[in-house]
Amino acid sequence: MYRNLKQTFWWPNMKKEIAEFVAKCLQCQQVKAKHQRPAGLLQPFPIPEWKWEHLTIDFVVGLPRTLRGMNSIWVIVDRLTKSAHFLPVKTQYNADKLAVIYVNEIVRLHGVLLGPSLSLFVAVISKKPFLILTVLSSTLVWLISLIVLSGLWRGFLPLKTTAWWPYGILILTSVAFQEGLRILFWRVYQRLEDILDAFADRVSKPRLFLTDKMQIALAGGMGHGVAHAVFFCLSLLTPAFGPATFYVDKCSQIPFFLVSAIIALAFVTIHTFSMVIAFNGYAEKNIVDQLFVPIVHLISGMLTLINLASGGCVVGIPLLYFMALLTLMRCGKMVWRRLTENQNR
């Protein structure tokens, strides 16, 4: 009021008298003037594409203690279906304990429908067109390289021998070829990173974050895994064609095509997360990570030779998935370390 009146009137002690008048005026006290800028358009959260993909959680605390010592309720709501779970917990529970409860009560009922590679694709890569382009480009390059490699070996196949060492040489050359191509991918990635950082500087935008670099490596690794799975399944499709009922003498317990699909899925996981480990090793000049990837790749390839023995798939497939789990754990530990170090800076 003072600012409006002083543009037209003035008298001694004007500001003090106006303040006293406003303080005594009931109608003036009831007016709630807005002192904020006008709000813009609403920005709602994106609608989830799948149930139990995005959750909201809350805790209801201060409740009477039950006979089992529970004194709070953990509320977990699915944003898509609005279905909720009300789990009795204790306020003393830490994050590890809550994670165990979540697996036992939520994952047990609703499951995890996707493997680690496909889960990351849905959650991270599918929402960014640049990463999708990276996956497709990587898949095409790796698939062409595998076709070229198979063409080089075409003149020596099929191997008319029961010894394992010719197959070992084949796997060794394949691993060496792919690891060499992985180093070439790293050189291309470095060039791409420099181009993106230069473009960001030109438009006054922040450079690539650590998470962006890891996502690009993840997309490249997923392309490698998808190309490997496609090539592997297509090469075995002819002898396994039919309703997955073709069996071989070496592994009569599981259909041949199912064995091929299971092995391909394991290699998708190994190649996807190996790329992240390898790129981190090249960036940090970490010899352990640089050697970890080709060693795991070679061991995983050699483990497939166990399938040549009678009943070998019963032993070879669990060992192959152990290598996939080892790769996943190594990648998770490395990512956690890098993110923690980046946060502490």
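Right above here is the structure, for reference.
Residue positions are counted from 1 within each chain, in the order its sequence is given. Confidence filtering applies because this is a predicted model: local features only for residues at pLDDT of at least 70, side-chain atom pairs given and counted only at 80 or more, and all residues used for totals across whole chains, interfaces and linings. With hydrogens and water stripped out, all remaining heavy atoms of the structure feed into the side-chain values.

Enquirer: What am I meant to see in the pattern of salt bridges here?
Expert: Close approach of charged atoms allows side chains with opposite charge to pair. Here, a salt bridge means any Lys or Arg side-chain nitrogen found within 4 Å of an Asp or Glu carboxyl oxygen. One pass over the structure, following the stated rule, counts five salt bridges. For Glu-284, the salt bridge identified is with Arg-337, shortest N-O distance 3.2 Å. Placement of Glu-284 in helix α9 (residues 256–284) and of Arg-337 in helix α11 (residues 312–344) is noted, with a sequence separation of 53 residues between them. Think of it in three bands: with a 1.4 Å probe and only protein chains considered, a residue is buried below 20% of the maximum accessible area for its type, exposed above 50%, and partly exposed in between. Exposure remark for Glu-284: the relative accessible area of 31% places this residue in the partly exposed category. For Arg-338, the salt bridge identified is with Glu-284, shortest N-O distance 3.4 Å. With Arg-338 in helix α11 and Glu-284 in helix α9, this pair connects stretches of sequence that are 54 residues apart. Secondary structure counts use DSSP, requiring at least four H or I residues in a row for a helix and at least two E residues in a row for a strand, with both numbered from the N terminus.

Enquirer: Teacher, can you tell me more about the sheet that holds strand β2 (residues 72–78) here?
Expert: Two orientations exist for strands paired in a sheet by backbone hydrogen bonds: parallel and antiparallel. Sheet architecture is open: three strands sit in the order β1-β2-β3, paired in antiparallel fashion. Looking along the sheet, the strands with just one partner apiece sit at the ends: β1 (55–60) and β3 (84–89). The mean inter-strand angle of the sheet, taken between neighbouring strand axes irrespective of direction, is 20°. In terms of strand pairing, β1 meets β2 through six bridges, oriented antiparallel. In the strand pairing of β2, Ile-57 is matched with Ile-76. Helix-sheet contacts for helix α4 (residues 95–110) involve β1, β2 and β3, and the interaxial angle to β3 is about 145°. One requirement defines pairing of two strands: DSSP has to find at least two bridges between them. Working convention: axes come from line fits to C-alpha atoms, limited for helices to the stretch in contact. Angles between N-to-C directions cover 0 to 180 degrees. Only heavy atoms matter for contacts: two residues are in contact if any of them lie within 4.5 Å across the pair.

Enquirer: Looking at this model, I keep getting lost on the side chain of His-297. Mind explaining?
Expert: If you trace the backbone, His-297 turns up in helix α10 (residues 287–303). By relative accessible area, which is 4% here, His-297 ends up buried. With sequence-adjacent residues up to four places away left out, His-297 is seen in contact with Val-175, Gln-178, Glu-179, Arg-182 and His-271.

Enquirer: What's the story with the packing of aromatic side chains in this structure? I'm lost.
Expert: The description of an aromatic ring pair uses the distance of the two centres, along with the angle that the planes make with each other. Any Phe, Tyr or Trp ring, taking Trp's six-membered ring, that has another such ring centre within 6.5 Å forms a pair; planes under 30 degrees apart are called stacked, those over 60 apart edge-to-face, and the others tilted. Tallied over the full model, the rule gives six aromatic pairs. Consider the rings of Phe-59 and Trp-74, whose centres lie 5.8 Å apart with planes at 10°: the pair is stacked. With Phe-59 in strand β1 and Trp-74 in strand β2, the pair connects residues that are 15 residues apart, well separated along the chain. Overall, Phe-59 belongs to the partly exposed group, its relative accessible area being 35%. Take Trp-74: its relative accessible area is 5%, and that puts it in the buried class. In this structure an aromatic cluster arises from ring pairing among Trp-186, Tyr-189, Phe-279 and Tyr-282. Across from the ring centre of Tyr-93, 5.5 Å away, lies the NZ or CZ of Lys-97, which sits over that ring. The positively charged end of Arg-330 is found above the aromatic ring belonging to Phe-292, 5.6 Å away from the centroid. The rule is short: NZ of Lys or CZ of Arg within 6 Å of the ring centre and within 35 degrees of the ring normal puts a charge over the ring.

Enquirer: Help me understand the nonpolar core in this model?
Expert: Within soluble globular proteins, side chains that are nonpolar generally end up buried alongside one another. For our purposes a nonpolar core is just a set of buried Ala, Val, Leu, Ile, Met, Phe, Trp, Tyr and Cys residues, chained together by side-chain atoms within 4.5 Å. Among the nonpolar cores identified, the biggest contains 38 residues, and Trp-142, Ile-263, Ile-270, Val-276, Ile-277, Phe-279 and Leu-320 are the most heavily contacted of them. Of all elements in the fold, only α6 (129–153), α7 (165–202), α8 (210–235), α9, α10 and α11 reach the threshold of two or more residues within this core. Contact partners of Val-276, with chain neighbours within four places excluded, come to Met-214, Ala-217, Leu-218, Cys-331, Met-334 and Val-335. Residues Trp-74, Ile-76, Val-89 and Ile-101 belong to the second largest nonpolar core, which totals eight residues.

Enquirer: Quick question: what am I supposed to make of a nonpolar patch on the surface here?
Expert: Nonpolar side chains (Val, Leu, Ile, Met, Phe, Trp, Tyr) are joined into patches within 5 Å and like charges within 9 Å, using only residues with over 30% relative accessible area and no salt bridge. With residues, only the protein chains shown are counted as cover, and all accessible areas are computed by Shrake-Rupley using a 1.4 Å probe. A cluster of nonpolar side chains, contributed by Leu-140, Ile-144, Val-148 and Leu-152, occupies part of the molecular surface with about 390 Å² of accessible area. When its relative accessible area of 53% is taken as the criterion, Leu-140 is described as exposed.

Enquirer: What is the right way to look at the side chain of Ser-145 in this model?
Expert: Here Ser-145 lies in helix α6. Ignoring sequence-local partners within four residues, the contact set of Ser-145 consists of Phe-177 and Leu-181.

Enquirer: Sorry if this is basic, but what is going on with α7 here?
Expert: One turn of an α-helix holds 3.6 residues; hence residues three or four places apart share an orientation. By this rule, a helix spans an expected 1.5 Å times one less than how many residues it contains. Its 38 residues give α7 an end-to-end C-alpha distance of 55 Å, which sits within 8% of 56 Å, the value for a rise of 1.5 Å per residue. Downstream of α7 by one or two residues, Ser-204 has phi in the positive range, about 60°.

Enquirer: Before we go on, may I ask you to explain the packing of α7 against α10 in this structure?
Expert: Geometrically, a packed helix pair is captured by the angle between its two axes and the distance between the axes. Here α7 crosses α10 at 150°, and the two axes come no closer than 10 Å. When the axes of α7 and α10 are compared, the pair comes out roughly antiparallel. For α7 against α10, the interelement crossing comes out right-handed. Packed against α7, whose contacting residues are Gly-168, Ile-171, Leu-172, Val-175, Gln-178, Glu-179 and Arg-182, the element α10 presents Val-293, Pro-294, His-297, Leu-298, Gly-301 and Met-302 at the interface. Residues were grouped as follows: Ala, Val, Leu, Ile, Met, Phe, Trp, Tyr, Cys and Pro as nonpolar; Asp, Glu, Lys and Arg as charged; and all remaining residues, including Gly, as polar. Tallied by class, residues from the contact of α7 with α10 come to seven nonpolar, four polar and two charged. Working rule for angles: under 35 degrees goes down as roughly parallel, over 145 as roughly antiparallel, 65 to 115 as roughly perpendicular, anything else as oblique. Should the near helix be turned counterclockwise from the far one by less than a right angle, the crossing is left-handed, whereas a clockwise turn marks it as right-handed.

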